[in-house]
Amino acid sequence: GDLPACLPEEIVVDHGKQYMSDHVIGVCARLGITVQPAIPHKPTDKPTVERFFRTLRESVLQHLPAYKGPDVYSRGKDVEDKAFYYVSELEQIIREWVGSVYHRTQHDGLCVPEIPRAEFCPAEMFEIGVAKFGCLLLPSSPDLAYEFLDVRWRMIHHYGVEVDGLRYDGAGLNLYRGTR
């Protein structure tokens, strides 16, 4: 089913080229999201995500074989000889932990003004937010996914389009064959 989501008004990003690219800035602009670069080497500009990374490290990552630690002083002995993970495997481990542990664990910073001293987990806070204010859905359009794709100009040949050694063809290209 469709998952309700909140469309942010602003995102704070590091200065990495993937975050500051024309593509990301353009997609955010089309969706009405402003992009605020964080001050370099100032973790207090993005405390929520920094705190999440610490929780992730302390709750999951440091317990995995071959964990190298946040710095050279925290590394175990002979970590290079231990197991390694593909990015997809590590992503799955993190997704499962977020869904089954993090979203179901009470966090000190989650509160409801009408119920002081009550403790909530992110899943409960989401339910409270939906009950209070209803669901907000991302703009729904069958073409929305195309807004997130990079634009790369290609020649449309009689046999279709070639991308990274693969050929793609279809009736939608018929009017454009022989053009870039």
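Residues numbered from 1 in each chain as written. Predicted model: local features only at pLDDT ≥ 70, side-chain atom pairs only at ≥ 80, totals over all residues. Heavy atoms only, no water.

Caption draft 1: Representation of unusual backbone geometry within the structure. Even without a glycine there, the phi angle at His-41 is positive, about 60°. Looking at His-41, the relative accessible area reads 85%, which means it is exposed. Within the chain, Asp-164 stands out as a residue other than glycine whose phi angle is a positive 50°. With respect to the element layout, Asp-164 can be found in the loop between strand 3 (161-163) and strand 4 (166-168). (Buried < 20%, exposed > 50% of the residue type's maximum accessible area, 1.4 Å probe, protein only. Helix = DSSP H or I, 4+ residues; strand = E, 2+ residues; numbered from the N terminus.)

Caption draft 2: Up close: the pairing of strand 2 (residues 34-37). Of the pairings in the sheet, the one linking strand 1 (residues 10-13) to strand 2 comprises four bridges and is parallel in character. Bridge pairing in strand 2 links Val-13 to Pro-37. What joins strand 1 to strand 2 is helix 1 (residues 22-30), and the crossover it makes is right-handed. (Pairing = 2+ DSSP bridges. Right-handed = clockwise from strand over helix to strand, strands pointing away.)

Caption draft 3: A look at the pattern of salt bridges. According to the stated counting rule, one finds eight salt bridges in the structure shown. Here Lys-46 and Glu-50 are joined by a salt bridge, their closest N and O atoms 3.2 Å apart. A relative accessible area of 30% places Glu-50 in the partly exposed class. When the shortest N-O distance is used, the salt bridge between Arg-177 and Asp-169 registers 2.7 Å. Connected via shared salt-bridge partners are Asp-14, Lys-46 and Glu-50. (Salt bridge = Lys/Arg side-chain N within 4 Å of Asp/Glu carboxyl O.)

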